[in-house]
Amino acid sequence: MIDIENQVFDRISKAVKKEFPTANMSSEEIIAPSEMPCVTIVEADNYTVAETLDSSNEENHAYVMHEVNVYTNGAFKKAECKEIYSIVDNEYRKMGFRRMSKPFTASNDPTVARMMGRYVGIVGKDETIYGGY
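Everything quoted here is computed from the prediction, not taken from an experiment. (Residues numbered from 1 in each chain as written. Predicted model: local features only at pLDDT ≥ 70, side-chain atom pairs only at ≥ 80, totals over all residues. Heavy atoms only, no water.)

**Description of the pattern of salt bridges**
Counted according to the given criterion, the structure contains six salt bridges. A salt bridge links aspartate 89 to arginine 99, with the shortest nitrogen-to-oxygen separation between them at 2.7 Å. Placement of the pair is aspartate 89 in helix α2 (residues 77–95) and arginine 99 in strand β4 (residues 98–101), with a sequence separation of ten residues. Judged by relative accessible area, aspartate 89 falls into the buried class, the value being 8%. Via salt bridges that share partners, Arg11, Glu91 and Lys94 belong to a single interconnected network. (Salt bridge = Lys/Arg side-chain N within 4 Å of Asp/Glu carboxyl O. Helix = DSSP H or I, 4+ residues; strand = E, 2+ residues; numbered from the N terminus. Buried < 20%, exposed > 50% of the residue type's maximum accessible area, 1.4 Å probe, protein only.)

**Notes on the nonpolar core**
Membership of the largest hydrophobic core comes to 29 residues, with the highest contact counts inside it found for Ile12, Val16, Val39, Ile41, Val68, Tyr92 and Phe97. Within the residue set of this core, elements represented by two or more residues are α1 (5–19), β2 (38–48), β3 (61–72), α2 and β5 (113–124). Sort the elements by how many residues they give to this core and α2 lands first, with seven residues. Beyond its immediate chain neighbours, meaning those up to four positions away, tyrosine 92 contacts Val8, Ile12, Ile41, His66, Val68, Phe97 and Tyr119. (Core = buried A, V, L, I, M, F, W, Y, C linked by side-chain atoms within 4.5 Å. Contact = heavy atoms within 4.5 Å.)

**What about the environment of tyrosine 119?**
Along the chain, the position of tyrosine 119 falls in strand β5. Take tyrosine 119: its relative accessible area is 0%, and that puts it in the buried class. Remark: the alpha-carbon pair of tyrosine 119 and histidine 66, spanning 53 residues in sequence, is separated by 5.2 Å. Filtering out sequence-adjacent residues up to four positions away, tyrosine 119 remains in contact with Val64, Met65, His66, Val68, Tyr85, Asp89, Tyr92, Phe97, Arg98 and Arg99. A distance of 3.1 Å separates polar atoms of two side chains, one belonging to tyrosine 119 and the other to tyrosine 85. (Polar contact = N/O pair within 3.5 Å; in protein donor to acceptor, adjacent residues only side chain to side chain.)

**Quick look at the packing of aromatic side chains**
Taken as a whole, this structure holds four aromatic pairs when the rule is applied. Note on tyrosine 47 and tyrosine 63: the rings are 4.9 Å apart at their centroids and 40 degrees apart in plane angle, and the pair reads as tilted. Here tyrosine 63 lies in strand β3 and tyrosine 47 lies in strand β2, a separation of 16 residues in the sequence. Geometrically, the ring pair formed by tyrosine 85 and tyrosine 119 is stacked, given 6.4 Å between the ring centres and 25 degrees between the ring planes. Residue tyrosine 85 is found in helix α2, and its partner tyrosine 119 is found in strand β5; the two are separated by 34 residues along the sequence. Each member of the pair, tyrosine 85 together with tyrosine 119, is buried. One aromatic cluster in this structure is built from Tyr85, Tyr92, Phe97 and Tyr119. (Phe/Tyr/Trp six-rings, centres within 6.5 Å; stacked < 30°, edge-to-face > 60°.)

**Observations concerning the pairing of β3**
Buried residues dominate β3, accounting for eleven of its twelve residues. Relative to β3, β2 runs antiparallel, the two sharing ten bridges. For cysteine 38, the partnering residue across the bridge sits in β3 and is tyrosine 71. (Pairing = 2+ DSSP bridges.)

**Examining unusual backbone geometry**
Note: most peptide bonds trans; most residues except glycine with negative phi. Cis geometry marks the peptide bond from methionine 36 to proline 37; its omega dihedral reads 0 degrees. Positive phi values are uncommon outside glycine, yet glutamate 127 reaches one of about 75 degrees. Its location among the elements puts glutamate 127 in the loop between β5 and β6 (129–130). What makes glutamate 127 partly exposed here is its relative accessible area of 42%.

This is the structure:
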């Protein structure tokens, strides 16, 4: 199985922490984060590109989808949420992923701003990321 989740998480985590050193970064879904700002990055899907299987049925490419959530609760929560999300978005695009969505999403807590997005890409077994599908 082609798996680049950790490399992607590490790269985005470093970029976010450079600008927001106290950001809580998680590779697992958090429904109600206790520390903010909080960014979650979860690989939501990963499946074989059947058309590129070789004769021994070895996987050469995988479709990958990541789901990102950014939570903030400061005085300027919406602006901060957008600023953090922009960092995440820039890193995904630099890697070759394509953004599928990026809405503001309802939070369980009205004092919290939340943006959720999904990124897709085709990843080769050499870990090259090709544009989204």
